[in-house]
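Coordinate analysis (summary)
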Amino acid sequence: MSETPKQTRVLIIGGGPAGSLLALLLHQREVESVILELRTREHVLERVRAGVIEHGSAEVLRAAGVAGRMDSEGFVHEGVQVAHGEEMIRIDFEGLTGKHVTIYGQTELQRDLYGALDSAGIQLLDEAEGVRVEGIEGDSPMVTFERDGATEQIRCDFVAGCDGAHGVSNGFIPPSLQRTFERTYPFCWVGLLSETPPISDELIYARHERGFALCSMRSESRSRYYVQGSADTTLAEWPDDRFWSELAARLPKTSVASLVTGPSIEKIVTPLRSWVSEPLRHGRLLLAGDTAHVVPPTGAKGLNLAISDVVYLSDALAWFYRAGSTTGLEGYSDRALARVWKAVRFSWWMTNMLHLFPGMSDDFERRLQTTELDYLFGSDNAQRAMAENYVGLPL
Ligand code: APR
Ligand code: PHB
């Protein structure tokens, strides 16, 4: 295990995409940081997650020097398919916005980020447990944690909380100063990964009377599929056969003809929720990524929001070290949240339009839901609005 430094400028809690990229962006601006990660690197790299990289996120990764593999191995997607029953349209990102997205698994991106941290000589202290902070209202917070059986301490100028939805950083802001906003959805996604070629060259988001379905991919030989399940469903209820037949039942017949099934190599149940905790700053504590906001996976915004947060945060910190100005830091929370809320809105909109709501007995609401799709299918302007949000709003 590497030796623990006594102090650093920015102590980053969490070595997921947000924490790792923040460290790299700071390093490029000659701001030193240290990352504390609860898990082992192997554990972090085992997590299977979404892989849609917005146009602007890809540019950030290129500028940070971690896009080599993404550019050679990722897939450029210039559109997505949206299906409703037997009807299907293509949302033409490139034609409507001049932009595209890149399909590249978060697991691969995490591997690239770790490689770049090592090349830059940035310290990532893994298996750091029980992290706690003191003095975030002053100028030199102290971070304490346990590692390899010993209690360690690092003094710093700033603490960046990047420890995801199950982290602790968000709890370091006094509850009386926090406001949270939440929407839980009355269903979940059952996800399956298989060593089979994708059903189509582009993602398919499908609304069907039996529920939502999504066809995604990781490579030319690896596919990722999801179907909407009930809120309390368990994996035991989803043997592969049931999964495949339910998926096929929800897709247009023309697409099903190209569906190749096979044994699952991973299967998950994911609940869907929107959750935002404000503000993102308290004194010298700054939050970024999932620790401060969670969106449902419809629209694949989670990773992209982690990226935009750390771009804004690294700007603010670099400005502080370059010019001694706290203006960027004071504006960070509002700047980041303005973009976060637009993604919260977009993923809520997509979720509402495409899922079957068990409580939706109201005929009026059902009609509105299908009219929303009808409008999208028939209007270039509606498609442009979806495309603009999907490829990512400007940073
Ligand atoms: N101390 C140190 N590290 C912690 C702690 C803790 N108490 N708790 C959690 N962590 C680590 C986790 O092990 C993880 O590696 O913080 C990291 C947080 O990473 P992510 O959960 O990936 O969150 P973030 O970096 O904000 O990235 C957001 O990842 O979760 C997906 O859908 C999400 O795509 C989005 C992106
Ligand atoms: C995925 O590939 O896992 C994926 C793609 C798009 C989404 C969500 C997940 O909206």
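The structure presented is a predicted model; accordingly, all values stated were derived computationally and were not measured.

This next bit is on the site of ligand 2. Every one of the 13 residues lining ligand 2 counts as a neighbour, but Y205, S216, R218, Y226 and P297 are closest to it. Within the side chain of R218, a nitrogen or oxygen atom sits 2.8 Å from an oxygen atom of ligand 2. One nitrogen or oxygen atom from the main chain of P297 is found 2.8 Å from an oxygen atom belonging to ligand 2. Here ligand 2 loses 99% of its free accessible area of 280 Å² to cover by the protein chains. Secondary structure elements with two or more residues in the shell around ligand 2: β14 (213-219) and β15 (222-230). Taken together, the residues of the shell around ligand 2 break down into nine nonpolar, two polar and two charged.

Moving on, we come to helix α11 (residues 363-378). If you check α11, its first and last C-alpha atoms are 22 Å apart, about what 16 residues at 1.5 Å a residue would give, namely 22 Å. Taken residue by residue, α11 has Q369, L373, L376 and F377 as its buried positions. Angularly, the buried residues of α11 cover 110° about the axis, an arc narrow enough to put them on a single face. Turned more than 90 degrees away from the buried face of α11 sit D363, F364, R367, D374 and G378, all of them exposed. In this structure, the buried side of α11 is in contact with β5 (79-84), β6 (87-92), β13 (204-207), α10 (327-354) and α12 (380-391).

Following the criterion strictly, the structure yields two cavities of 30 Å³ or more and no others. Estimated volume of the largest cavity: approximately 70 Å³. Lining of the largest cavity is provided by E54, K301, L305, R339, K342, A343, N389, G392 and L393. Among the elements that make up the lining of the largest cavity, the one with the highest residue count is α10 (three residues). In terms of residue class, the lining of the largest cavity is built from three nonpolar, two polar and four charged. In this model, the second largest cavity occupies a volume close to 50 Å³. Contributing to the lining of the second largest cavity are P17, V44, R47, R49, Q106, T107 and Q110. Among the elements that line the lining of the second largest cavity, the one with the most residues is helix α6 (residues 106-120), at three residues.

Attention now moves to the pairing of strand β1 (residues 7-13). Judged by how many residues are buried, β1 sits mostly within the fold: five of seven residues are covered. As defined by bridge partners, β1 adjoins strand β2 (residues 33-36) across four bridges and the pair is classed as parallel. Paired with V10 across the strands is S33, a residue of β2. Crossover β1 to β2 through helix α1 (residues 17-28) is right-handed.

Per the counting criterion, the structure on display carries 16 aromatic pairs. Taking 4.8 Å as the distance between ring centres and 45° as the angle between the ring planes, the aromatic pair formed by W189 and Y226 counts as tilted. Highlighted residues: W189 in strand β12 (residues 179-194) and Y226 in strand β15, separated in sequence by 37 residues. For the residue pair W189 and Y226, the accessibility class agrees, reading buried in each case. Residues Y205 and Y390 carry aromatic rings whose centres are separated by 5.9 Å and whose planes lie at 80° to one another, so their mutual orientation is edge-to-face. Taken together, the positions of Y205 in strand β13 and Y390 in helix α12 put the pair 185 residues apart, joining distant regions of the chain. We classify Y390 as buried; its relative accessible area is 1%.

This part is about the layout of surface pockets. For the second largest pocket, the calculated volume is near 330 Å³. Taken together, 18 residues line the second largest pocket, and the ones lying closest to its centre are G105, T107, E108, R218 and R222. Contributions of two or more residues to the lining of the second largest pocket are made by α2 (41-46), α4 (68-73), α6 and β14. Its residues assigned to classes, the lining of the second largest pocket comprises six nonpolar, five polar and seven charged. When residues are assigned to domains, the lining of the second largest pocket turns out to be shared by domain 1 (7-77 + 100-182 + 274-350) and domain 2 (185-272 + 356-391), each giving three or more.

Here the focus is the site of ligand 1. Lining the immediate environment of ligand 1, one finds 24 residues, of which E37, R47, R49, Q106 and D290 sit closest. Residue P17 places a main-chain N or O atom 3.4 Å away from an oxygen atom belonging to ligand 1. D290 has a polar backbone atom sitting 2.9 Å from an oxygen atom of ligand 1. In isolation ligand 1 exposes 700 Å². Once the protein is present, 88% of that is buried.

Calculation rules
- Residues numbered from 1 in each chain as written.
- Chains lettered and ligands numbered in written order.
- Predicted model: local features only at pLDDT ≥ 70, side-chain atom pairs only at ≥ 80, totals over all residues.
- Heavy atoms only, no water.
- Near = heavy atom within 4 Å.
- Polar contact = N/O pair within 3.5 Å; in protein donor to acceptor, adjacent residues only side chain to side chain.
- Areas by Shrake-Rupley, 256 points an atom, 1.4 Å probe, with all protein chains shown as cover.
- Helix = DSSP H or I, 4+ residues; strand = E, 2+ residues; numbered from the N terminus.
- Nonpolar A, V, L, I, M, F, W, Y, C, P; charged D, E, K, R; others polar.
- Expected span 1.5 Å × (residues − 1).
- Buried < 20%, exposed > 50% of the residue type's maximum accessible area, 1.4 Å probe, protein only.
- Arc of directions from axis to C-beta.
- Contact = heavy atoms within 4.5 Å.
- 1 Å grid on protein atoms, 1.4 Å probe; cavity = no way out; pocket = protein on both sides within 12 Å on 5 of 7 lines; lining within 4 Å.
- Points joined across faces, edges and corners; volume = space filled by probe spheres on them.
- Pairing = 2+ DSSP bridges.
- Right-handed = clockwise from strand over helix to strand, strands pointing away.
- Phe/Tyr/Trp six-rings, centres within 6.5 Å; stacked < 30°, edge-to-face > 60°.
- Domains from an automatic or database assignment.

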